[in-house]
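So you can see what is in the structure, the chains are spelled out below.
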Amino acid sequence: MNWSLFWDLTVSGLTLGSVYALIALGYTMVYGILKLLNFAHGDVYMIGAFMGWFALHWLGGPVNPSATAWLVVVLMFLFAMVACGGLGVAIERFAYRPLRNAPRIAPLISALGVSFFLQNSALLLFGASFRDYDTFHLIGAKTYNYKDIFLSVPQLLTIVSAIGLMIGLTLLVARTKIGKAMRATSFDREAASMMGIDVDRVIASTFFIGSALAGAAGVMFALVFGQIYHFMGFLAGLKGFTAAVIGGIGSIPGAMLGGLLVGLAESYATGYLPQGSTFQNLYVFALLILIILIRPSGLLGKADVKKV
Amino acid sequence: MADELTPQVPPDQPRIGVDEWVASVEGKRERYRGPVGWLRRGWDTAPAGARLLAFVIPAAIFPLVTTEGNLFRYGLITLLYALLGLGLNVTVGFAGLLDLGYIAFFGFGAYTYGYVASVHTGHHWPAVPAILLAIAVAALIGFIVGFPSRRLVGDYLAIVTLFFGQAFVVFVNNGDRINFWPFNRTDLTGGANGLDNIDPLKLFGWTVNTTKEYYWFTLGAFLLVIILLYLVSESRTGRAWKALREDPLAAEVMSMPVNRLKLMAFVFGAAIAGFAGAIYGSVQTGAFPGDFDVGLLITIYAIVILGGAGSLAGVIVGALVVNGVPELLRDPNQAEWVFYTALVLLVLTKVRPWQKLVTVVGGTLALGFALVAIADAWFPRWTAGEPNTGKLAHWVSHWMLLPSHATQIANWAYALTIALILVLTLLRGWWRTIVMIPTIYVGAFAWENLLVEQTVGATRFLLLGALLVVLMNARPQGLFGTARVEIV
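Not measured: the values here are computed from a predicted model.

**Student:** Whenever I open this one, the interface of chain A and chain B confuses me. Can you help?
**Tutor:** Many analyses report the size of an interface as the accessible area lost when the parts associate. Taken together, the contact pairs 50 residues of chain A with 50 residues of chain B. For the pairing of chain A and chain B, the buried interface totals around 4800 Å² over both sides, and the portion due to carbon and sulfur atoms is 80%. At the junction of chain A with chain B, the criterion picks out zero salt bridges. Here chain A and chain B share two residue pairs in polar contact (both at pLDDT 80 or more) between them. At the level of secondary structure, the elements contributing two or more residues to the side of chain A that touches chain B comprise α3 (69–96), α4 (105–126), α10 (232–247) and α12 (276–294) of chain A. Ranked by the residues each element gives to the side of chain A that touches chain B, the list is headed by α4 of chain A, at 15 residues. A breakdown of the residues in the side of chain A that touches chain B according to their chemical character gives 38 nonpolar, eight polar and four charged.

**Student:** Before we go on, may I ask you to explain empty space enclosed by the protein in this structure?
**Tutor:** Using a probe with the size of a water molecule, rolled over the atoms, empty space left in the structure can be pinpointed. Counted according to the given criterion, the structure contains five cavities of 30 Å³ or more. When its volume is computed, the largest cavity comes out at roughly 160 Å³. Along the walls of the largest cavity sit 17 residues, with Phe39, Asp43, Ser115 and Phe234 of chain A together with Leu162 of chain B positioned nearest its centre. Counting residues per element, the ones that place at least two in the lining of the largest cavity are α2 (41–58), α4 and α10 of chain A together with α9 (154–174) and α14 (294–307) of chain B. Taken together, the residues of the lining of the largest cavity sort by class into 11 nonpolar, five polar and one charged. Roughly 110 Å³ of volume is contained in the second largest cavity. As for the second largest cavity, its lining consists of 13 residues, of which Leu100, Gly165, Phe292, Asp293 and Val294 of chain B are closest to the centre. Secondary structure elements with two or more residues in the lining of the second largest cavity: α7 (102–116), α9 and α14 of chain B. The element best represented in the lining of the second largest cavity is α9 of chain B, accounting for five residues. Partitioning the lining of the second largest cavity into residue classes produces 10 nonpolar, two polar and one charged.

**Student:** How do you make sense of the packing of helix α5 (residues 48–65) of chain B against helix α10 (residues 211–234) of chain B when you look at a structure like this?
**Tutor:** Each pair of packed helices gets described by two things: the angle between the helix axes and the distance between those axes. Residue and element names in this part refer to chain B. Orientation of α5 relative to α10, taken along the N-to-C sense of each, is 170°, at an axis distance of 11 Å. With respect to each other, α5 and α10 are oriented roughly antiparallel. Residue-level inspection shows Ala48, Leu52, Phe55, Val56, Ala59, Ala60, Phe62 and Pro63 of α5 in contact with α10, the latter providing Lys212, Tyr215, Trp216, Leu219, Phe222, Leu223, Ile226, Ile227 and Tyr230. Taken together, the residues of the contact of α5 with α10 break down into 16 nonpolar, no polar and one charged.

Thresholds applied
- Residues numbered from 1 in each chain as written.
- Chains lettered and ligands numbered in written order.
- Predicted model: local features only at pLDDT ≥ 70, side-chain atom pairs only at ≥ 80, totals over all residues.
- Heavy atoms only, no water.
- Contact = heavy atoms within 4.5 Å.
- Buried area = accessible area lost by both parts, 1.4 Å probe.
- Salt bridge = Lys/Arg side-chain N within 4 Å of Asp/Glu carboxyl O.
- Polar contact = N/O pair within 3.5 Å; in protein donor to acceptor, adjacent residues only side chain to side chain.
- Helix = DSSP H or I, 4+ residues; strand = E, 2+ residues; numbered from the N terminus.
- Nonpolar A, V, L, I, M, F, W, Y, C, P; charged D, E, K, R; others polar.
- 1 Å grid on protein atoms, 1.4 Å probe; cavity = no way out; pocket = protein on both sides within 12 Å on 5 of 7 lines; lining within 4 Å.
- Points joined across faces, edges and corners; volume = space filled by probe spheres on them.
- Axes fitted to C-alpha atoms, helices over the stretch in contact; angles between N-to-C directions.
- Parallel < 35°, antiparallel > 145°, perpendicular 65-115°, else oblique.

This is the structure in structure tokens:
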């Protein structure tokens, strides 16, 4: 057993997994409340990566930033999160809210349309070429290690800030008033609105939080892997949703667990399975099918009891 | 006295004990007057054969009056899209299953046909067994994918199939160097370069070669499938699918085998896609991974949804619109005409009463000429850009600012257009009319300076995406679909 390869794969799997977990959280929160599969979520993540890039360049670029690197990174995160949150609220307001009482398939098609629209708008506005974050110049190439385990600064940053965001989200949902309203709405929307909860506002804030997390994930991904382009959201969104399904859709700890699992599975498949670097996505797909067959409601999900 | 006892309900309030929807069906049908109403009534009462002829006769005349290139772009491709739409219509329209891996079955058809009949692999099967094999393979794969997914409620099915579609693209992209058991160095798909040199169709000694011959063949295939689907949709199974679509729970209570019906619809759609794929492979004389991506999926969905899910005539109309309009957009000169015609039609039909219409048209024109005059006098850079080619673009250049440094400004104008359109949907009354003027102008500005240059790529696809959203909001049942009746 080659332990150094194993630890490398684990670290990159955890990094990727944190990104997927943040995307999965947005899916799972929206699904929990609206029972809607928000196909545009992956593209919000893509927009987040671009917003981070713009923030970086408005602040002077990676080679010659106008403030210290850490401040720049924090500002990039903040800008991407706020911009994506706003985008998410707008998408909800204009593409999904009018369809809240329509047949189930209508908002799904609408979501597909929004996704396609965002992708091609990004192609139109930002061009087809890759853009580079150039993390090397911004925060250097320092790595930390403990025996065989090597962690680069962006990787550490991604894992730590993802954990921080997840703790924040958990506290928000468990402790605050709006979190309570979210849980109530996802439990029973009609009953919640009868109890005086402003359901529209709760849904809008869910979209804001979920999209902001996706924006953060976009910046993290770009910090670690460097390159961003207009089509990056599609596959990441797919993986994020897979993570949400594997963890049990509607369950917030499930999304975190699922995200890490998908990231690790992808990373190990790349390293250990035959032709893993080309067929990693097929292996993740196989994992999805397997989990759905064994536990249709996901690892931490509750079986759906339908009452008539 | 009796009159006083019955409560006086205003006519627009629901009456108790009367089903409003059923009671107002006749009134709804009568509401269409003039030529539109006449057409609609004629369409509703015409027998199915006559409706089919209304499509077949123009389709049969079309190749006699047009050029080879136009026949391919507007005729053959539309037919292929319509054929694909028919298959998707079974899964989505009849049975209500959201199948997002549909294009993969189309791909399996094309690749199967290519595998057994091309120079690339060295096999040269005649068309009939090759097409049958392609259908069988697509149906079998549909069965394999559908079997574990059939228990899933709509959204899970969507994600599994979407992933499946993506997996297909990965697979064909790398299928030339699969290197583990049981495929040791077999070249299944030709990899990123695709399967090239696929044979033309050979039917009983007749080789289909020219575009015209392919057109006839595809038209025949299309008629075969649409007649088959008409019969299926009227059959016991077809009715069961529709019941399933409307309410799976109620269907199950009526002792319909829900899982088996879902699987059947899924496989049926996949088989039709495989058939279309085999034809497509031979038309293109090749199967390439890039052809089976999300773009095509959205296009076919737009066709089915625009026409109205579940309607066969809707698929034809949807294919004509969704293929025809972007093809027209390919040429910037034609694209100008399409854009301004659509804009004028939209304003003329949607803005009422005439006072508002006059305000919008007059205001927009005045705004444009005023801005151009101001820019000419003080900011010459804003009118220094080259107008696009074509007569219409030349006229427009008197009204529209064409800055020489357009890129950045046009990007912001595009974003501003979206924002203004969204604001527009929130406003009512005269505010809406007033905001409409800058919206149109900024939109046209973004069009002239940015969108028209990208009509081959991004523009047509983003318009397609926007169309889906708008359509879902405005008319979820599509052009030919019947509105869903919600009786609570």
